[in-house]
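Remarks on the overall topology
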Amino acid sequence: MITLTLLILFVTSVLFVHLRGRSRLPFLRQLVNHSAVFAPYNSLMYLFSSVPSKPYLDRERFPELDVLKDNWEAIREEAMRLFDEGYIRAAEKNNDAGFGSFFKKGWKRFYLTWYGERLPSAQALCPKTVELVSSIPNVKGAMFALLPGGSHLNPHRDPFAGSLRYHLGLSTPNSDNCRIYVDGQPYSWRDGEDVMFDETFVHWVKNETDQTRVILFCDIERPLRSRLLMALNRRVSYFLGSATTPQNVDGERVGSINQAYAFSKRFGDAIGGIVRLFKRRHPRAYKVLKPVLAVLLLAALLQWIFG
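Everything in this summary refers to the structure shown in the same document. (Residues numbered from 1 in each chain as written. Predicted model: local features only at pLDDT ≥ 70, side-chain atom pairs only at ≥ 80, totals over all residues. Heavy atoms only, no water.)

**Remarks on the sheet that holds strand β11 (residues 213–221)**
Within the open sheet, the seven strands sit side by side as β1-β9-β6-β11-β4-β2-β3. Their pairing is antiparallel. Both edges of this open sheet fall to β1 (56–57) and β3 (117–118), since each of them pairs with a single strand only. Two elements, strand β6 (residues 163–171) and β11, share eight bridges in a ladder whose sense is antiparallel. Bridging across to β11, Leu168 finds its partner in Leu216. Of the strands in this sheet, β2 (108–114), β4 (139–147), β6 and β11 are in contact with helix α6 (residues 72–84), which crosses β6 at around 80 degrees. (Pairing = 2+ DSSP bridges. Helix = DSSP H or I, 4+ residues; strand = E, 2+ residues; numbered from the N terminus. Contact = heavy atoms within 4.5 Å. Axes fitted to C-alpha atoms, helices over the stretch in contact; angles between N-to-C directions.)

Next up, the structure:
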């Protein structure tokens with residue numbers, strides 16, 4: 001009975017997340033999406049949020065971020081120096097679980113701070129920006145994010161509703177052909193202009209220009225109407241931040257989740273190579289075994305869930 005109750009609560013929270021907003025992922029994808037894991041927690045965040053449940057938020061509700069916008073040119077100077085020197089890049093060892101799928105599209109990043117974790121490379125290479133973001137307590141994570149011309153990011157929703165997303169345009173095409181859609185509503189980046197949005201709505205990005213877009217990208221703590229939940233959210237954020245600690249250069253600490261992700265990529269690549277070789281050599285046997293293996297994996301998963 002307890003198992004059934006928990007299952008009903010879980011499915012209800014997944015439905016709540018899935019039906020929130022106008023743009024949705026396919027339901028079966030939503031069920032197995034990493035955001036489904038956080039659906040019960042995220043439902044609490046939405047119910048007790050002190051900001052409206054809508055895709056874009058009034059940036060004026062966060063006056064502490066004015067210091068970033070006021071200093072955007074100094075921030076851009078450090079970002080473009082890193083860009084010119086090749087420091088804004090993809091994870092070289094597949095050890096960035098949060099953004100692993102983005103790198104295939106040419107998306108790149110350089111972390112400035114991450115949920116209390118200091119990155120020595122950032123402090124050495126862009127001290128002014130690190131000082132600015134570190135002076136704002138509700139900035140939990142920050143990075144420079146790059147998207148080349150002619151690229152895009154597919155529809156997705158971020159898994160964790162304990163934070164909101166802030167973008168500040170640094171070096172952009174300044175064109176409506178370089179934009180983000182949050183719940184279907186477009187926003188075009190401009191140099192020196194900023195925007196706040198809820199990244200747990202389905203969103204996607206298109207850069208249909210021939211210019212690279214560089215922005216300051218920050219996670220902002222979600223304001224809540226409950227002090228107890230605020231304290232809980234900070235604990236959970238700290239735990240997740242520690243487990244997903246990234247690195248810009250070799251020698252910086254990597255969180256356990258990112259380490260596990262890197263291992264799974266290596267293991268998956270090895271298994272994938274074996275499967276592709278088998279498929280090429282035994283195409284008929286592959287067609288027969290593929291659905292059989294899928295059923296066996298599903299049966300094993302159900303056995304693991306329900307004991």
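Having seen it, we continue.
**Thoughts on the nonpolar core**
With 56 residues, the main nonpolar core has Leu65, Leu68, Trp107, Phe144 and Leu216 as its most contacted residues. It is β4 that contributes the most residues to this core, seven residues altogether. Discounting residues that sit within four places of it in the chain, Leu65 has contacts with Arg59, Ile136, Val139, Tyr166, Met196 and Ile220. One finds Val14, Val17, Phe160 and Leu240 within the second-largest nonpolar core, a separate group that totals twelve residues. (Core = buried A, V, L, I, M, F, W, Y, C linked by side-chain atoms within 4.5 Å. Buried < 20%, exposed > 50% of the residue type's maximum accessible area, 1.4 Å probe, protein only.)

**Some points on the sheet that holds strand β8 (residues 185–188)**
If you walk across this open sheet you meet the four strands as β5-β10-β7-β8, and the pairing is antiparallel. For this open sheet the edge positions go to β5 (151–156) and β8, each flanked by a neighbour on one side alone. Geometrically, the sheet is characterised by an average inter-axis angle of 20 degrees between neighbouring strands, direction not taken into account. Bridging between strand β7 (residues 178–182) and strand β10 (residues 203–207) involves five bridges; their strand directions are antiparallel. Directly across from Tyr181, in β10, lies its bridge partner Trp204.

**Quick look at the pattern of salt bridges**
Where charged atoms of side chains with opposite charge meet at close range, the side chains can pair. If you walk through the whole model with that rule in mind, you get 17 salt bridges. For Arg59, the salt bridge goes to Asp194, with nearest N and O atoms at 2.8 Å. Taken as a pair, Arg59 in the loop between β1 and α5 (66–70) and Asp194 in strand β9 (residues 194–197) lie far apart in primary sequence, 135 residues in all. Asp194 matches Arg59 in its accessibility class, with the two residues each being buried. Residue Arg109 is joined to Asp96 by a salt bridge in which the shortest nitrogen-to-oxygen separation is 2.9 Å. With a gap of 13 residues between them, Arg109 in strand β2 and Asp96 in the loop between α6 and β2 connect regions that are remote in the sequence. For Arg109, a relative accessible area of 2% translates into the label buried. Three or more residues joined by partner-sharing salt bridges are found here, namely Arg59, Asp66, Lys69 and Asp194. (Salt bridge = Lys/Arg side-chain N within 4 Å of Asp/Glu carboxyl O.)

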